[in-house]
Amino acid sequence: MILESTAAKDGFLMPAEYEPHLGTIMVWPTRGGSFPYDGKDAKPAFTAIIKNIIKYENVFLVCDEAHKDELMDYFVPEDFAPLGNIELILANTDDAWARDTSPTFVTNKYEVRGIDWVFNAWGGEFDGLLPTYENDDMLASTFCNKYGYDYYDLHKTGFVLEGGAIHSDGEGTILVTEACLLSKGRNPQLSKDEIEDVLLNYLGAKKIIWLPYGIYNDETNEHVDNVCAFVKPGELVLAWTDDKSDPQYDMSLADLKLLENESDAKGRKFIIHKLPIPKKPILVTKEDLDGYEFEEGEAERSIGERLAASYVNFYITNGSVLVPAFGDENDEFAVNILKELFPEREIVPIKSRSILVGGGNIHCITSQVPLTKNRKDK
């Protein structure tokens, strides 16, 4: 059912990713303009992620009818419900970035509700990345209707937002970046204060922290989930480099200075952990480029283009933290930092360059569903 109120009025709040999950939404990768060579390398990476997640929670796997049979090349029938923990949802999508197209969920600890933002492929006619995105824009409402979640529908207001553009501590504080939320392809008709009001009302939050920047050359206009993330209330990780010649240095430094002078919704000063970016920039190669199949009107790539690689793009499950691994000397350093920050969870590095060449990483292809008592299968 579509709700006419707001989360704040109804006493609901966006929980943190490290709070208990019912499961994780993912979309099987099939778009040739995102994943080269028909996803030859991306599909095994997605599979490794799914197989780790189902150790600890359900996976709601969205796949179209045309590709459902190939799932048996990567899984066994026992992996799927009712015997296993993968629930297959047959639906058409335009791409595989479940973080940005799935519902955002809010809870009052007894009930979970969804939010259906407008999705315009990261910029619509101004600087969007896909020529068509209607299927992706329908995914949030499709999921909520299938599983019986009441939801707030922002299509009535036209408010554009992606899940990767917001990050919650579960206690009323939301992280965003100015680079993304104030970009002309999102909500140019609204002021910064008006955008903040929408977020506070629909996420049930008390405070928005506006970081200036995300990761250099991030084609999402610098989503926050690639640069900064809460690891617990009052404590976060920030993507970092000590190399002053790297364009990321000034961006991360500006974010650090803001965070050092900010506090969360409960008045706590932030504990900030610097999480390194890869030592060597990860670039698009000729081999990558030869494998893409771009559609007319789709944003294309070029040889030598720097990809927005970041270890902050990890995903927290009920029992693990899945961390991007790039074959870089900083892979191990990042894993060790996260082991200290999540001692109660298994830290699992996943070779994910094959996901990065699509424009995102592990966090971008996963979207948590909070644990709830009000799920109804339909």
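Here goes a summary of the coordinates provided. (Residues numbered from 1 in each chain as written. Predicted model: local features only at pLDDT ≥ 70, side-chain atom pairs only at ≥ 80, totals over all residues. Heavy atoms only, no water.)

## What about the overall build of the protein?
No. 1: For the protein, the count of helices and strands is 12 helices and 17 strands.
No. 2: With respect to the three principal axes, the spread of C-alpha positions in the protein is 50 × 50 × 45 Å.
No. 3: For the protein, buried positions account for 62% of its 378 residues.
No. 4: When contacts within the protein are restricted to residue pairs at least 6 apart in sequence, those whose partners lie at least 24 apart make up 78%.
No. 5: With the model as given, the accessible surface of the protein reaches about 15,100 Å², and the carbon-plus-sulfur share is 49%. (Helix = DSSP H or I, 4+ residues; strand = E, 2+ residues; numbered from the N terminus. Buried < 20%, exposed > 50% of the residue type's maximum accessible area, 1.4 Å probe, protein only. Contact = heavy atoms within 4.5 Å. Areas by Shrake-Rupley, 256 points an atom, 1.4 Å probe, with all protein chains shown as cover.)

## Remarks on empty space enclosed by the protein
No. 1: For the coordinates displayed, the defined rule picks out seven cavities of 30 Å³ or more.
No. 2: Each pocket or cavity is described by its volume, and for the largest cavity that value is around 220 Å³.
No. 3: Along the walls of the largest cavity sit 24 residues, with L129, E219, R301, G358 and G359 positioned nearest its centre.
No. 4: Counted as a void, the second largest cavity has a volume near 100 Å³. (1 Å grid on protein atoms, 1.4 Å probe; cavity = no way out; pocket = protein on both sides within 12 Å on 5 of 7 lines; lining within 4 Å. Points joined across faces, edges and corners; volume = space filled by probe spheres on them.)

## Some details on the sheet that holds strand β10 (residues 207–211)
Two pairing modes exist for strands in a sheet, parallel and antiparallel, and in both the strands are linked by backbone hydrogen bonds.
No. 1: Overall, mixed pairing links the three strands, which are arranged β8-β9-β10 in an open sheet. Either end of the sheet is taken by a strand with one partner, and the two such strands are β8 (167–168) and β10.
No. 2: Bridge count between strand β9 (residues 173–177) and β10: five bridges; the pairing is parallel. Within the sheet, the bridge partner assigned to T177 lies in β10 and is L211.
No. 3: Set on the sheet, helix α8 (residues 192–203) makes contact with β9 and β10; between it and β10 the angle comes to about 130°. (Pairing = 2+ DSSP bridges. Axes fitted to C-alpha atoms, helices over the stretch in contact; angles between N-to-C directions.)

## Focus: unusual backbone geometry
No. 1: Residue P82 is reached from A81 by a cis peptide bond, and omega for that bond is 10°.
No. 2: Tracing the backbone through its elements, the reader meets P82 in the loop between β3 (58–63) and β4 (86–90).
No. 3: Despite not being glycine, D38 shows a phi value in the positive range, around 60°.
No. 4: The residue D38 is located in helix α2 (residues 36–39) in this model.
No. 5: Backbone geometry places K109, a non-glycine residue, at a positive phi of 80°.
No. 6: You can see K109 is positioned in the loop between β5 (104–107) and β6 (112–116).

## Examining the side chain of T241
No. 1: With respect to the helices and strands, the residue T241 is situated in the loop between β12 (235–240) and α9 (247–260).
No. 2: Looking at T241, its side chain comes within polar contact range of the main-chain nitrogen of D243, at 3.1 Å.
No. 3: Once residues within four sequence positions are removed from consideration, T241 is found in contact with D246, Q248, Y249 and I277. (Polar contact = N/O pair within 3.5 Å; in protein donor to acceptor, adjacent residues only side chain to side chain.)

## Things to note about the nonpolar core
No. 1: Counting residues in hydrophobic clusters, the biggest one holds 49 residues, and the most contacted among them are M26, I49, I50, F143 and Y149.
No. 2: Elements represented by at least two residues in this core include exactly β2 (21–27), α3 (42–53), β3, β4, α6 (134–147) and β16 (346–351).
No. 3: By residue number, the principal contributor to this core is α3, which donates six residues.
No. 4: Contacts of F143, omitting those with residues within four sequence positions, involve I25, F60, I89, P103, F105, Y149 and V369. (Core = buried A, V, L, I, M, F, W, Y, C linked by side-chain atoms within 4.5 Å.)

## Quick notes on the pattern of salt bridges
No. 1: Throughout the structure, instances matching the rule amount to 22 salt bridges.
No. 2: Across the pair R113 and D10 runs a salt bridge, and its minimum N-O distance is 2.9 Å. Here the residue R113 occupies a position in strand β6, and D10 occupies one in helix α1 (residues 7–10), the gap between them amounting to 103 residues.
No. 3: By relative accessible area, which is 13% here, R113 ends up buried. (Salt bridge = Lys/Arg side-chain N within 4 Å of Asp/Glu carboxyl O.)

## Details of α8
No. 1: In a regular helix each residue adds 1.5 Å, so 12 residues correspond to 16 Å; α8 covers 16 Å between its end C-alpha atoms and thus fits that length.
No. 2: Taken as a whole, α8 has its buried residues at I195, V198, L199, L200, Y202 and L203.
No. 3: Of the residues trailing α8, G204 is marked for its positive phi of about 65°. (Expected span 1.5 Å × (residues − 1).)

## As for the packing of aromatic side chains
No. 1: Counted by the stated rule, this structure contains 20 aromatic pairs.
No. 2: Summarising the aromatic geometry, the rings of F119 and W122 are spaced 5.0 Å apart at their centres and angled 90° between planes, so their arrangement reads as edge-to-face. Both residues of the pair, F119 and W122, belong to the buried class.
No. 3: Three or more aromatic residues joined by ring pairs form one cluster here, namely F60, F105, F143, Y147 and Y149. (Phe/Tyr/Trp six-rings, centres within 6.5 Å; stacked < 30°, edge-to-face > 60°.)

## Re the environment of I195
No. 1: With respect to the helices and strands, the residue I195 is situated in helix α8.
No. 2: Residues I195 and L182, 13 residues apart in the sequence, show an inter-C-alpha distance of 8.5 Å.
No. 3: Ignoring any residue separated from it by four or fewer positions in sequence, one finds I195 in contact with F159, L181, L182, N187, L190 and W210.

## Let's talk about the side chain of R99
No. 1: Relative to the elements of secondary structure, R99 occurs in helix α4 (residues 98–101).
No. 2: Given a relative accessible area of 6%, R99 falls into the buried group.
No. 3: For R99, the side chain forms a polar contact with the main-chain oxygen of H363, separated by 3.1 Å.
No. 4: Other than its neighbours up to four places away in sequence, R99 contacts E17, G163, G164, D225, Y315, H363, C364, I365, T366, S367 and Q368.

## Focus on α6
No. 1: Its 14 residues place the ends of α6 21 Å apart at the C-alpha level, agreeing with the 20 Å of an ideal helix rising 1.5 Å per residue.
No. 2: Most pronounced at A140, the bend in α6 amounts to some 35°.
No. 3: Those residues of α6 that sit buried are D136, D137, L139, A140, S141, F143, C144 and Y147.
No. 4: Immediately beyond the C-terminal end of α6, within one or two residues, lies G148, with a positive phi of roughly 75°. (Bend = angle between axes of the 7 residues up to and from the residue.)

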